[in-house]
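Tertiary structure, described
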Amino acid sequence: MKEQPPTGDAEGFGALGLQPSLVAAVTALGYEEPTPIQREAIPLLLEGRDLVGQAGTGTGKTAAFTLPILDRLARAGSTKTRAARALVLVPTRELAMQVAEATHKYARGSRLTVVPLYGGAPMDQQIRALSRGADIIVATPGRALDHLRRRTLDLGALEVLVLDEADEMLDMGFAEDIDAIVAATPRTRQTALFAATLAPRIAAIAGRHLRNPARVTIAREKLSTGKLPRVRQVAYLVARPHKNAALGRVLDFEGPKSAIVFCRTRIEVDELTEILRAHGYGAQALHGGMVQKQRDRVMQLFRSEKAEILVATDVAARGLDIRHVSHVINYDVPTSPEVYVHRIGRTGRIGGEGVAITLAGPREHRFLRSVEGLTRQKIEILNLPSVDDLRARRLEATREAVRAQLEAGGFEQLRGVVESLVQDFDALDVAAAAIHLVHEASEKGLPQEAIPARAASEAPVEGRQRTFGPRPSGGPRRGQSGPPRPRY
Ligand code: AMP
């Protein structure tokens, strides 16, 4: 079977003007298309423009500024001088680690070197790394200034400066440090600034350090409420390492009849599908890397309700007419409020019964607010269902299952058993004992652990845990009678 051109491809990155090695790098990471901020910012940055971007965590802004930096530096080749060629300033140590790690991933295949500089880490190690020559530095302002004063950091030949999460840097009192750092760089540099909101103080810092910047924002005009489906929207704040356990908990609690779980990358789709299957879910993967025949088969399984969960990328799900989805689950926050609206439009088409659930990182709270601003609808931020909540939900399911059985009949041959028991016991007690047995069985494998909203230390990009909790001994599959059993 000939490979069909996927509906959207990382080729989209090529159309932005990036060189093929970088397009190959993002393809290898499983990206299917540029995010909105990437689509707008990358061509402008490649042109050499200064830029002010309104984009918070989760929008793909790191790649939006890193890919053009890599493109520019790789074209000139690594100079191996001690002077840095690009500097990314970020507010926190965690972000410095994350951005450096992401840059390293995108730079794979080039000879460009990346060095993170942040407080709380040994100075001599950082000095050694700098003396070996670093093309790209990712630093917190305090530590960058420290190195500048010791003359272990040379910004005299800097080509690109990025102020990432500028609003947070200002909140943390870094304004003067930033000014001092900028003063040590050449005027000819290209400068980009990213912030979640473009408040006047951001305009002021942009006015001081940027030249005729292009402006890019991902928050668009408000949507007319008529276009929005009536969907219950909830979000859970979950730290990265607990994402999989949280997804499991949510699925157990909601027991969706048919759900789409949206992921960002092909790799994520494949991994999550495997994990869900290992836990007894009928999960099918759908992404742009699959041939048409596979995609048709998956859609057939999902439409006929033989698979209750479709794990998909946005690109793959685009244009599909799927009518019966009870739950849309965002495994990650979408890359823009518009993408969010598009995703949740897949549920609630019939009778407004849909549920949209978002697993957001603790730092992605603001994204939810900007979605609310766009849709003028509330997203409820809830605590993850506790084990007690699961238990209560399960008891309810048991009750419903018994009720359905009573209505369906077909248990006449068992009346004799009950008759013999009621000779010795009260009839209500007999029924309660029977329900107790069923419920007890459904409780087996209930998770015991609490899932924190914030990890003790938020893991860096690669620190993601890829497994769910212990696997219980197989619960009933869909279509079997009885209440659902937890699968995580
Ligand atoms: P950021 O907003 O830069 O922190 O990026 C958030 C997440 O989105 C990171 O895990 C990136 O790996 C991922 N990401 C960035 N760009 C894309 C893309 N075009 N397609 C899929 N995932 C992406």
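Model, not experiment: these values are computed from the prediction. (Residues numbered from 1 in each chain as written. Predicted model: local features only at pLDDT ≥ 70, side-chain atom pairs only at ≥ 80, totals over all residues. Heavy atoms only, no water.)

Quick look at the sheet that holds strand S4 (residues 136-139) now. Taken in spatial order, the seven strands of this open sheet run S3-S4-S2-S5-S6-S1-S7, and their pairing is parallel. The strands lining the two open edges of the sheet, one partner per strand, are strand S3 (114-117) and strand S7 (214-217). For this sheet the average axis-to-axis angle between neighbouring strands, irrespective of direction, equals 15°. The sheet contact formed by strand S2 (residues 86-89) and S4 spans four bridges and is parallel. Bridging from a neighbouring strand, Leu 87 pairs with Ile 137 of S4. The strands that helix H10 (residues 200-209) touches are strand S1 (51-54), strand S5 (160-163) and strand S6 (190-195); relative to S6, the one it contacts most, it runs at about 175°. (Pairing = 2+ DSSP bridges. Helix = DSSP H or I, 4+ residues; strand = E, 2+ residues; numbered from the N terminus. Axes fitted to C-alpha atoms, helices over the stretch in contact; angles between N-to-C directions. Contact = heavy atoms within 4.5 Å.)

What follows deals with empty space enclosed by the protein. A probe as big as a water molecule, rolled over the atoms, marks out the empty space that is left. A complete count under the given rule lists two cavities of 30 Å³ or more for this structure. Each pocket or cavity is described by its volume, and for the largest cavity that value is around 60 Å³. Taken together, Leu 45, Phe 65, Pro 68, Ile 69, Arg 72, Val 160, Val 162, Gln 190 and Ala 192 make up the lining of the largest cavity. Counting residues per element, the lining of the largest cavity draws most heavily on helix H4 (residues 61-76), which supplies four residues. When grouped by side-chain class, the residues that make up the lining of the largest cavity number seven nonpolar, one polar and one charged. By volume, the second largest cavity is sized at about 30 Å³. Lining the second largest cavity we find Arg 82, Ala 83, Ala 84, Leu 130, Ala 134, Ile 137, Thr 152, Leu 153 and Asp 154. Tallied by class, the residues present in the lining of the second largest cavity amount to six nonpolar, one polar and two charged. (1 Å grid on protein atoms, 1.4 Å probe; cavity = no way out; pocket = protein on both sides within 12 Å on 5 of 7 lines; lining within 4 Å. Points joined across faces, edges and corners; volume = space filled by probe spheres on them. Nonpolar A, V, L, I, M, F, W, Y, C, P; charged D, E, K, R; others polar.)

So, about the site of the ligand. Contacts to the ligand come from 14 residues, most closely from Tyr 31, Gly 58, Gly 60, Thr 62 and Arg 264. Lys 61 is positioned such that a nitrogen or oxygen atom in its backbone is 3.3 Å from an oxygen atom of the ligand. Classifying every residue of the shell around the ligand gives three nonpolar, eight polar and three charged. (Near = heavy atom within 4 Å. Polar contact = N/O pair within 3.5 Å; in protein donor to acceptor, adjacent residues only side chain to side chain.)

Take unusual backbone geometry next. Backbone geometry at Arg 151 places phi at a positive 65°, although glycine is not the residue there. Counting through the fold element by element, Arg 151 comes out in the loop between helix H7 (141-149) and S5. The phi angle at Arg 376 is positive, at roughly 55°, despite the residue not being glycine. Within the secondary structure layout, Arg 376 lies in the loop between helix H16 (365-375) and strand S14 (380-382). Owing to a relative accessible area of 51%, Arg 376 belongs among the exposed residues under this scheme. (Buried < 20%, exposed > 50% of the residue type's maximum accessible area, 1.4 Å probe, protein only.)

Turning our attention to the side chain of Thr 66. One can find Thr 66 in helix H4. Judged by its relative accessible area of 3%, Thr 66 falls in the buried class. Side-chain polar atoms of Thr 66 contact the backbone oxygen of Thr 62, separated by 2.6 Å. Apart from the residues lying within four places of it in its own chain, the contact partners of Thr 66 are Thr 103 and Tyr 106.

The next thing to look at is the pairing of S2. Of the two faces of S2, the one carrying Ala 86 and Val 88 and the one carrying Leu 87 and Leu 89 are both buried. The sheet contact formed by S2 and S5 spans four bridges and is parallel. Paired with Leu 87 across the two strands is Leu 161, which belongs to S5.

Moving on to H4. Over its 16 residues, H4 runs 24 Å from end to end, which matches the ideal 22 Å to within 8%, given 1.5 Å per residue. Burial of H4 is extensive: twelve of the 16 residues sit out of reach of the surface. Of the residues making up H4, those classed as buried are Lys 61, Thr 62, Ala 63, Ala 64, Phe 65, Thr 66, Leu 67, Pro 68, Ile 69, Leu 70, Asp 71 and Leu 73. (Expected span 1.5 Å × (residues − 1).)

Here S4 shows no split at all, with Ile 136 and Val 138 on one side and Ile 137 and Ala 139 on the other all buried. Sheet analysis places S3 next to S4, joined by four bridges and oriented parallel. Opposite Val 115, over in S4, you have Ile 137 as the bridge partner. In this fold, the crossover linking S3 to S4 by way of helix H6 (residues 123-131) has right-handed handedness. (Right-handed = clockwise from strand over helix to strand, strands pointing away.)

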